[in-house]
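Fold and contact review
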Amino acid sequence: MTSEVKKANMKESFSYETSKDIPVPKRLIDQIIGQEEAVETIKKAAEQRRNVLLIGEPGVGKSMLAKAMAELLPREQLQDILVYPNLDDPNNPIISTVPAGEGKRIVMSHKNRARAQEEKKNLFMIAIISFILLMGFMLKQFLAAIIAAGIIFLALQQMRPQKTIMVPKLLINNEGKKTAPFVDATGAHAGALLGDVRHDPYQSGGLGTPAHERVEAGMIHKAHKGVLYIDEIGTMKMKTQQELLTAMQDKKYSITGQSETSSGAMVRSQAVPCDFVLVASGNLHVLEGMHPALRSRIRGYGYEVYMKDTMPDTPENRQKLVQFVAQEVEKDGRIPHFNKDAIKEIIREAQRRAGKKDSLTLRLRDLGGLVRAAGDIAKSEGAELVSKKHVLKAKKLARTLEQQIADRYITQKKKYSVFKSHGSEVGRVNGLAIIGDRSGIILPIAAEAAPAQSKEEGRIIATGKLGDIAKEAVQNVSALIKKYTGTDISNYDIHIQFLQAYEGVEGDSASVSVATAVISALEEIPVDQSVALTGSLSIRGDVLPVGGVTGKIEAAAEAGIKKVLIPKANMDDVMIEKKYEGKIEIIPVKSLGDVLEHALIGKGKESLIEKMQRISDIMPKGIIKNPTTH
Ligand SMILES: Nc1ncnc2c1ncn2[C@@H]1O[C@H](COP(=O)(O)OP(=O)(O)OP(=O)(O)O)[C@@H](O)[C@H]1O
């Protein structure tokens, strides 16, 4: 999309002045933004009562979809579940289902009957005791009468539990529910998920709480006729997953005490209905921990959806983000509405966070955080509406943990001059990396080359997680280095170090930087320290696009770097904040030749480029590009 079209799109006139003018759909399913395919699948799955596996990044609306599905399921089918004592076998309480709302009535009527019976019994007891005492008084046998009254009192007391235990327990109450249940069982342990029978230390001798009263429903039962949602299902124990599968297949599951040493383990109820729809979710890694049979059950009797994390930047989709802002304001209920400029700033942030050209982010939970932070600032200032300045302030204040770490990292590294932003040095490159989602960080790389100690072959020495990336990068480009410089790296031991790399740095895009550092070290040509670079290197020497360029450029600018080299294919993804504009020169590069041209400095550079030129003349076309083209 050209920038003219973009501008025209930005200008499109939505018929609103503030987010208050935007109607918020009533149904949750209509509030879900940008996940059209997932929404269609959920609608279909709700109609057919199918299970669903939602895979995607955090905060793109997985649990929202599951909740929306519960709203779509028919409410008429809801049931109450009662548990009755079993007089023949007290350890096998009886289960009964009735239409929603009936359960409470049944329990009440049982309670009333029990109370009436109790009152009758009490009356009877008072009458007998009074009679005995009266007789004792008349016969002057006070002591005997009191003893007799006491014995009868105790005997009648003993009969009491026999009566009260007849009252059933309401295990699941769906009275007055407007929608089918939605139960979030994320992280639930076996007892909470599958139901449990409480321990009773007084169980022996029938003195304790009757077994049926100790039966507790599990989430699978609470989700009966509704949706059971489990996020990160792969982290659940295999055994629990297996039980879950059994429950899904049988649509009923007996409740028993989950702890083997508890008196609850003696009790096993009749099967309790649990006809739920499972919506499981997580990121792709979740599949590794997922029981294969459970996954195959979902695949066979349901749908798998891969959720999107960006949507195309079109007028319709921007309109959806306007709706999103209105939704979030309404949902929060405490923050003021947004004016047009503030919404535009949120949309701009959605473009920035997408990290790709012509896209808008769908990580809307995070974006919702920005909406709330801006709202809080506006509220604290007593503003009637949230304006652009509040959003800008919120962006500064509500920085993610990773962004705060990146900020601190930069100040600290500057203080100890771990990275340099001026001058030149051999074998040292300012690489760029990402921590978290999108926070840029300078990743200084130092390389040193020494003639190989071993006769057979030189080694590449690099340590840590990033070390593996470095080794791979050097191996990948060794042929290239030979072709570019005529130097055979197997004659050298090459040491590569990531200077004080912060744990959790994503270094995949460091291969261009590693190759540059190694070439500089081998050829002893200094690297311009006012340059930072990022890019992934193909074995042919092409610089391939990487993620997070905006964050990386901003980090470089923040660190006082003057020039940043990024893959040409990433140029459209750049959306740096206004405050960095003009502070840093962004140079697109297409090949390693381009990179060396801009990153190296000094006399040696000319001769290297000359050498490369000479070599390129004898190399087949396509392997080496003219280093000055970009
Ligand atoms: N597609 C979306 N449309 C509208 N709002 C969304 C969307 N995605 C996320 N949100 C907002 O973000 C909040 C959190 O989203 P949700 O809990 O559904 O994310 P998730 O994908 O389940 O994340 P996680 O897997 O980390 O739990 C929602 O309550 C909603 O306000």
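What you see is a predicted model, and the numbers here were worked out from it, not measured in a lab.

1. Regarding the overall build of the chain
Assigned secondary structure in the chain consists of 21 helices and 25 strands. Within the chain, the fraction of its 630 residues that count as buried is 42%. Expressed as a percentage of contacts within the chain between residues at least 6 apart in sequence, the contacts between residues at least 24 apart total 76%.

2. Thoughts on the sheet that holds strand 21 (residues 531-533)
In space, the 7 strands of this open sheet follow the order 18-19-17-16-21-24-25, with mixed pairing throughout. The open sheet has two edge strands with one neighbour each: strand 18 (460-462) and strand 25 (585-589). The mean inter-strand angle of the sheet, taken between neighbouring strand axes irrespective of direction, is 30 degrees. Relative to strand 24 (residues 563-567), strand 21 runs parallel, the two being bridged by 3 bridges. Paired with Ala532 across the strands is Val564, a residue of strand 24. Contacts between helix 19 (residues 549-558) and the sheet are confined to strand 16 (428-435), strand 17 (439-451), strand 21, strand 24 and strand 25, with strand 17 contributing the most and set at about 75 degrees to the helix.

3. Section: the nonpolar core
Judged by nonpolar contacts, the single largest core of 91 residues is most densely connected at Met69, Ile220, Val227, Leu228 and Ile346. The element that contributes the greatest number of residues to this core is helix 14 (residues 364-380), accounting for 8 residues. When we break this core down by domain, the ones giving at least three residues each are domain 1 (3-15 + 309-396) and domain 2 (35-101 + 173-307). Ignoring sequence-local partners within four residues, the contact set of Val227 consists of Ala66, Met69, Ala70, Leu73, Ala180, Phe182, Phe276, Val277 and Val279.

4. Re the site of the ligand
Neighbouring the ligand are 20 residues, the closest being Pro58, Gly61, Lys62, Ser63 and Arg365. Mapped onto the shell around the ligand, the elements with two or more residues apiece are helix 4 (62-72), helix 12 (315-332) and helix 14. A breakdown of the residues in the shell around the ligand according to their chemical character gives 8 nonpolar, 8 polar and 4 charged. Both domain 1 (3-15 + 309-396) and domain 2 (35-101 + 173-307) contribute no fewer than three residues apiece to the shell around the ligand.

5. Details of the packing of helix 13 (residues 340-354) against helix 14
The contact between helix 13 and helix 14 brings their axes to 11 Å, and the two run at 150 degrees. For the element pair helix 13 / helix 14, the angle class is roughly antiparallel. As helix 13 runs across helix 14, the sense of the crossing is right-handed. Along the contact surface, helix 13 presents Ala342, Ile346, Glu349 and Ala350, while helix 14 presents Leu367, Leu370, Val371 and Ala374. Here the residues of the contact of helix 13 with helix 14 sort into 7 nonpolar, no polar and 1 charged.

6. Examining the sheet that holds strand 11 (residues 277-282)
Strand order in the open sheet made by the 5 strands is 5-8-11-1-12, with parallel pairing throughout. The open sheet has two edge strands with one neighbour each: strand 5 (182-184) and strand 12 (302-306). The sheet shows a mean angle of 15 degrees between the axes of neighbouring strands, taken without regard to direction. By the bridge criterion, 5 bridges tie strand 8 (residues 227-231) to strand 11 in an arrangement that is parallel. Looking at strand 11, one finds that Ile230 is bridged to Ala280. The strands touched by helix 3 (residues 36-48) within the sheet are strand 1 (51-55) and strand 12, with strand 12 carrying the most contacts at an inclination of about 165 degrees. Taken strand by strand, helix 4 contacts strand 1, strand 5, strand 8 and strand 11, and its axis lies near 175 degrees from that of strand 8.

7. A look at the UniProt feature "transmembrane region" (unreviewed entry) in the chain
On the UniProt side, "transmembrane region" (unreviewed entry) is annotated at positions that read residues 123-156 here. The span residues 123-156 is 94% helical and 0% strand by assignment, and the distance between its end C-alpha atoms comes to 12 Å.

8. As for helix 18 (residues 511-523)
The end-to-end C-alpha separation of helix 18 is 18 Å, in line with the 18 Å expected for 13 residues at 1.5 Å each. The element helix 18 is largely enclosed, with a buried count of 13 among its 13 residues. Once helix 18 finishes, Glu524 follows within two positions and takes phi at roughly 55 degrees, a positive value.

9. Quick notes on the pairing of strand 17
Two faces, one strand: in a regular strand the side chains alternate between the faces of the sheet. Sheet topology places strand 16 next to strand 17; 8 bridges connect them, and they run antiparallel. Bridging from a neighbouring strand, Val429 pairs with Ile445 of strand 17.

10. Some remarks on the domain arrangement of the chain
Here the chain is partitioned into domain 1 (3-15 + 309-396), domain 2 (35-101 + 173-307), domain 3 (104-168) and domain 4 (409-618). For domain 2 versus domain 3, the separation of C-alpha centres amounts to 43 Å. Ranked by the residues each element gives to the side of domain 2 that touches domain 3, the list is headed by strand 2 (residues 79-84), at 3 residues. A breakdown of the residues in the side of domain 2 that touches domain 3 according to their chemical character gives 6 nonpolar, 2 polar and 1 charged.

11. Examining unusual backbone geometry
Even without glycine at this site, Lys140 takes up a positive phi of about 55 degrees. Mapped onto the elements, Lys140 comes out in the loop between helix 5 (102-139) and helix 6 (142-164). Lys140 gets classed as exposed once you count the C-beta atoms within 10 Å, which come to 8. The backbone phi angle of Lys225 is positive, close to 70 degrees, even though this residue is not glycine.

12. Let's talk about the environment of Leu245
Relative to the helices and strands, Leu245 is located in helix 10 (residues 238-250). Using a count of 18 C-beta atoms within 10 Å as the deciding quantity, one classes Leu245 as partly exposed. Leave out the neighbours within four places in its chain, and Leu245 touches His291, Ala293, Leu294 and Arg297.

13. Overview of the environment of Ile525
Checked against the element boundaries, Ile525 lands in the loop between helix 18 and strand 20 (526-528). Since 24 C-beta atoms lie within 10 Å of it, Ile525 is described here as buried. With sequence-adjacent residues up to four places away left out, Ile525 is seen in contact with Val426, Ser520, Leu600, Gly602, Gly604, Lys605 and Leu608.

14. What about the pairing of strand 16?
Taken across its 8 residues, strand 16 has 8 buried, putting it largely inside the fold. Here strand 16 shows a buried face lined by Arg428, Asn430, Leu432 and Ile434 and a second buried face lined by Val429, Gly431, Ala433 and Ile435. Pairing of strand 16 with strand 21 involves 2 bridges; the strand directions are parallel. Across the sheet, residue Asn430 finds its bridge partner in strand 21, namely Ala532.

Reading the values: the criteria
Residues numbered from 1 in each chain as written. Predicted model: local features only at pLDDT ≥ 70, side-chain atom pairs only at ≥ 80, totals over all residues. Helix = DSSP H or I, 4+ residues; strand = E, 2+ residues; numbered from the N terminus. Buried ≥ 20, exposed ≤ 12 C-beta atoms within 10 Å, placed from the backbone. Contact = placed C-beta atoms within 7 Å. Pairing = 2+ DSSP bridges. Axes fitted to C-alpha atoms, helices over the stretch in contact; angles between N-to-C directions. Core = buried A, V, L, I, M, F, W, Y, C linked by C-beta atoms within 7 Å. Domains from an automatic or database assignment. Near = placed C-beta within 6 Å. Nonpolar A, V, L, I, M, F, W, Y, C, P; charged D, E, K, R; others polar. Parallel < 35°, antiparallel > 145°, perpendicular 65-115°, else oblique. Left-handed = near helix turned anticlockwise from the far one by under 90°. UniProt positions renumbered as here; feature names shortened; annotations may be inferred. Expected span 1.5 Å × (residues − 1).

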